[in-house]
Amino acid sequence: MEKINREEVQELLNSYQDKKVYIHVEVTSGMYASHLDDQVFNAGMFLRNVPVNYTQGAIRGGDEGQYRVGLKLDNGGWVYVLGLTHFEVNGNNEFIMHGFNYEGKLASALEISTKEFFK
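Reference entry: report on the structure contained in this document.

The rules we used
- Position labels on residues start from 1 in each chain and follow its written sequence.
- Only residues with pLDDT of at least 70 are given local features in this predicted model, and only at 80 or more are side-chain atom pairs given and counted; all residues enter the totals for whole chains, interfaces and linings.
- As a rule here, side-chain values cover all heavy atoms of the structure and leave hydrogens and water aside.
- When accessible area is computed with a 1.4 Å probe and restricted to protein chains, residues below 20% of their type maximum are described as buried, those above 50% as exposed, and intermediate ones as partly exposed.
- Counting from the N terminus, the helices are the DSSP runs of H or I reaching at least four residues and the strands are the DSSP runs of E reaching at least two.
- Whether two strands pair comes down to DSSP finding at least two bridges between them.
- Each Phe, Tyr or Trp ring (for Trp, its six-membered ring) is paired with any other whose centre lies within 6.5 Å, and the angle between the two planes then decides the class: stacked below 30 degrees, edge-to-face above 60, tilted in between.
- Two residues form a contact once any of their heavy atoms are found within 4.5 Å.
- Between N-to-C directions, angles span 0 to 180 degrees; the directions come from axes that are lines fitted to C-alpha atoms, helices contributing only their stretch in contact.
- Take the buried Ala, Val, Leu, Ile, Met, Phe, Trp, Tyr and Cys residues and link them wherever side-chain atoms come within 4.5 Å; each set so joined is a nonpolar core.
- Only residues whose relative accessible area exceeds 30% and that form no salt bridge are eligible for patches; like-charged ones are grouped when within 9 Å, while nonpolar side chains (Val, Leu, Ile, Met, Phe, Trp, Tyr) are grouped when within 5 Å.
- The Shrake-Rupley method, run with a 1.4 Å probe, gives the accessible areas here. Residue values count only the displayed protein chains as cover.
- The working definition used for a salt bridge is a side-chain nitrogen of Lys or Arg within 4 Å of a carboxyl oxygen of Asp or Glu.
- For the purpose of charge, His is not counted, nor are the chain termini; Lys and Arg are scored as positive and Asp and Glu as negative.
- Lys charges are placed at NZ, Arg charges at CZ, Asp charges at CG and Glu charges at CD.

Re the pairing of strand β8 (residues 106-113)
Counting buried positions along β8 yields 6 of 8 residues, so the element is predominantly enclosed. Counting the residues in the hairpin turn of strand β7 (residues 95-100) and β8 gives 5 residues, including Gly 104, whose phi is positive at 80°.

Shown next as structure tokens:
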């Protein structure tokens, strides 16, 4: 993975726009974070293989190396992920955006694909 290049990521977002795609979204404060530090509230969420069609995708931020991506869905809803730092398009043509915390651990993910992700 490479650090996010805002222009390149925007072009990739545009290339999946107005198509049926599958998304994977993940956000975590760290597995068992509260067991390692009792001052940390452990929170997270996970969605996989959710079919959507978005009419607009936008990347914003980046002032401190962290970006946010929003997808405006054709039904009027939104998918919004914060803290993204790196991206790649892998061999399966899956557009992967991950956010790594200051320790290099996964904190957020937004992945987009025209095919279902491996189950």
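The rest of the description comes next.
Points about unusual backbone geometry
The phi angle at Asn 49 is positive, at roughly 60°, despite the residue not being glycine. Judged by its relative accessible area of 16%, Asn 49 is buried. Of note in the backbone geometry, Asn 93 takes a positive phi value of approximately 60° without being a glycine. Relative to the assigned elements, Asn 93 resides in the loop between β6 (86-89) and β7.

A closer look at the packing of aromatic side chains
Counted by the stated rule, this structure contains 1 aromatic pair. When the centroid spacing of 6.0 Å and the interplanar angle of 15° are considered together, the rings of Tyr 16 and Phe 95 count as stacked. You can see Tyr 16 sitting in helix α1 (residues 6-16) and its partner Phe 95 sitting in strand β7, a full 79 residues away along the chain. Look at Phe 95 and you get buried, because its relative accessible area is 0%.

Here's the deal with the sheet that holds β8
Spatially, 8 strands are ordered β1-β6-β7-β8-β2-β3-β4-β5 in an open sheet, and the strand pairing comes out antiparallel. A strand with exactly one partner marks an edge of an open sheet, and here the two such strands are β1 (2-3) and β5 (78-84). Where β1 meets β6, 2 bridges bridge the pair, whose relative direction is antiparallel. By the bridge assignment, Lys 3 is partnered in β6 with His 86. Each of β1, β2 (20-28), β3 (44-61), β4 (67-73), β6, β7 and β8 is contacted by α1, which is oriented at about 115° to β3, the strand it contacts most.

Focus on the side chain of Thr 85
Residue position: Thr 85 is located in the loop between β5 and β6. Contacts of Thr 85, omitting those with residues within four sequence positions, involve Glu 2, Lys 3, Ile 4, Gly 65, Gln 66, His 98, Gly 99 and Phe 100.

Here we look at the nonpolar core
If you look at the biggest cluster of nonpolar residues, it comprises 23 residues, and the most contacted ones within it are Leu 13, Leu 71, Phe 95, Met 97 and Ile 112. Put simply, the parts of the chain that give this core at least two residues each are α1, β2, β3, β4, β5, β7 and β8. Excluding residues that lie within four positions of it along the chain, Ile 112 makes contacts with Leu 13, Tyr 16, Val 21, Tyr 22, Ile 23, Tyr 54, Leu 71, Asn 93, Glu 94, Phe 95, Met 97 and Phe 117.

Comments concerning a negative patch on the surface
On the surface, Glu 2, Glu 7, Glu 8, Glu 11 and Glu 88 cluster together into a negatively charged patch. A total of 3 residues in the negative patch trace back to one element, the largest contributor, which is α1. Mapping Glu 2 onto the fold places it in strand β1. For Glu 2, a relative accessible area of 44% corresponds to the partly exposed category.

Let's talk about the environment of Val 50
Take Val 50: it is sitting in strand β3. On the accessibility criterion, Val 50 (28% relative accessible area) is partly exposed. Sequence separation between Val 50 and Val 25 is 25 residues; the distance between their C-alpha atoms is 9.1 Å. With near-sequence residues (within four places) excluded, Val 50 lies in contact with Val 21, Tyr 22 and Ile 23.

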